[in-house]
Amino acid sequence: MCYDDNALPPDPPGANGKAHGEDIELTAEDGNRFAAYIAHPSHPTGAQVVIYPDVRGLHNFYKELALRFAEVGIEALAIDYFGRTAGLTSRDESFEFWPHVQQLQLPNVFADARAAIARLRTTTGGSGSTFIVGFCLGGSLSLYTATEPMDLAGVIPFYAGLSRDMGAGKGSVLQAAQHVKYPVLGFFGGADQNIPVEQVQELDKALDQAGVEHEIVIYPGAPHSFFDRRFAEFTRESEDAWRRMLGFITAHTSAQ
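Trainee: Hey, could you go over the sheet that holds strand β2 (residues 33-41) for me, with residue numbers and the actual values?
Mentor: The eight strands lie next to each other as β1-β2-β4-β3-β5-β6-β7-β8, forming an open sheet whose pairing is mixed. Whereas interior strands pair on both sides, the edge strands pair on one side only; in this sheet they are β1 (19-27) and β8 (214-219). Averaged over all adjacent pairs, the angle separating strand axes in this sheet is 15°, with direction ignored. Packing against the sheet, helix α4 (residues 106-122) makes contact with β1, β2, β3 (47-52), β4 (75-79) and β5 (129-135), and its axis sits at approximately 150° to β3.

Okay, here's the thing in structure tokens:
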């Protein structure tokens, strides 16, 4: 997993707004019921994000991250992947996630994402610019999702596994990236042992082929999961990632 139960997302710059969040249940088009967490800003900007967690699904790090987004005016909803196979049970560290990860199917992820996007848009009367922010497995899934007609404003993968192949005729994440439809801002650690820098460079080329706006950021010396408040030695990288991410969201958010 990317983050244990003690991990916390770094604070974003300018987080002076109030936010409140709540656990909710959503229902996808196939009837799947799954857990989610939604955070509402006191002063919405018109932007909204769907958060794709790591392999453990919806746990505390991503609920806290949703609140951090809401504190800067961005409506945020974090989803769980495992409603079909694990139900609505807890995703604490005792959760045996691998059997459920192995059963994930991309069409089901897309169905859950559509339900999440629809829920966000009920709070804005159908308007709002929607982004997907994903971590590790969620980063991979965000790039896959960006090949679908989802009416997104952009996707923001953190340390997306690029050799992962989840079938559905899309090939590996790198192969699928050639068909991405939306702007991409990607973050990677230069010292991530699971994602070689050469693969990240191949992602950049694949997005060139897709003809979409993109920026791929590699932080030299940073490991996988560097975006964690406990990693004091990577505070500067986390601050830079927040700055770039919020700038990207602002630049791609339609005027209300």
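Picking up after the structure, the text goes on.
Trainee: Describe in detail the pairing of strand β7 (residues 184-189), supporting the description with residues and values.
Mentor: Here β7 lies mainly inside the structure; six of its six residues are buried. Along β7, one buried face is formed by Val184, Gly186 and Phe188 and the opposite face, lined by Leu185, Phe187 and Gly189, is buried too. Here strand β6 (residues 154-158) runs beside β7; their pairing, made up of two bridges, is parallel. Directly across from Phe158, in β7, lies its bridge partner Phe187. Sheet topology places β7 next to β8; six bridges connect them, and they run parallel. Paired with Phe188 across the two strands is Ile218, which belongs to β8. Read as a crossover between parallel neighbours, the route from β7 over helix α7 (residues 197-210) to β8 is right-handed.

Here is what the cut-offs are and how they apply
Within every chain, residues take consecutive numbers counted from 1 along the sequence as written. Where totals are concerned, whole chains, interfaces and linings use all residues; where local detail is concerned, this predicted model gives features only for residues with pLDDT of at least 70, and gives and counts side-chain atom pairs only at 80 or more. Excluding hydrogens and water, the side-chain figures rest on all heavy atoms present in the structure. At least two bridges found by DSSP between two strands are what make those strands a pair. Secondary structure elements are taken from DSSP: a helix is a run of H or I of four residues or more, a strand is a run of E of two residues or more, and numbering for both begins at the N terminus. Between N-to-C directions, angles span 0 to 180 degrees; the directions come from axes that are lines fitted to C-alpha atoms, helices contributing only their stretch in contact. Whether two residues are in contact is decided by their heavy atoms: any pair within 4.5 Å suffices. Any residue under 20% of the maximum accessible area for its type is buried, any over 50% is exposed, and the rest in between are partly exposed; the area is computed with a 1.4 Å probe on protein chains only. Handedness of a crossover is defined as follows: orient the strands so they point away from the viewer, and if the path from the first strand over the helix to the second runs clockwise, the crossover is right-handed.

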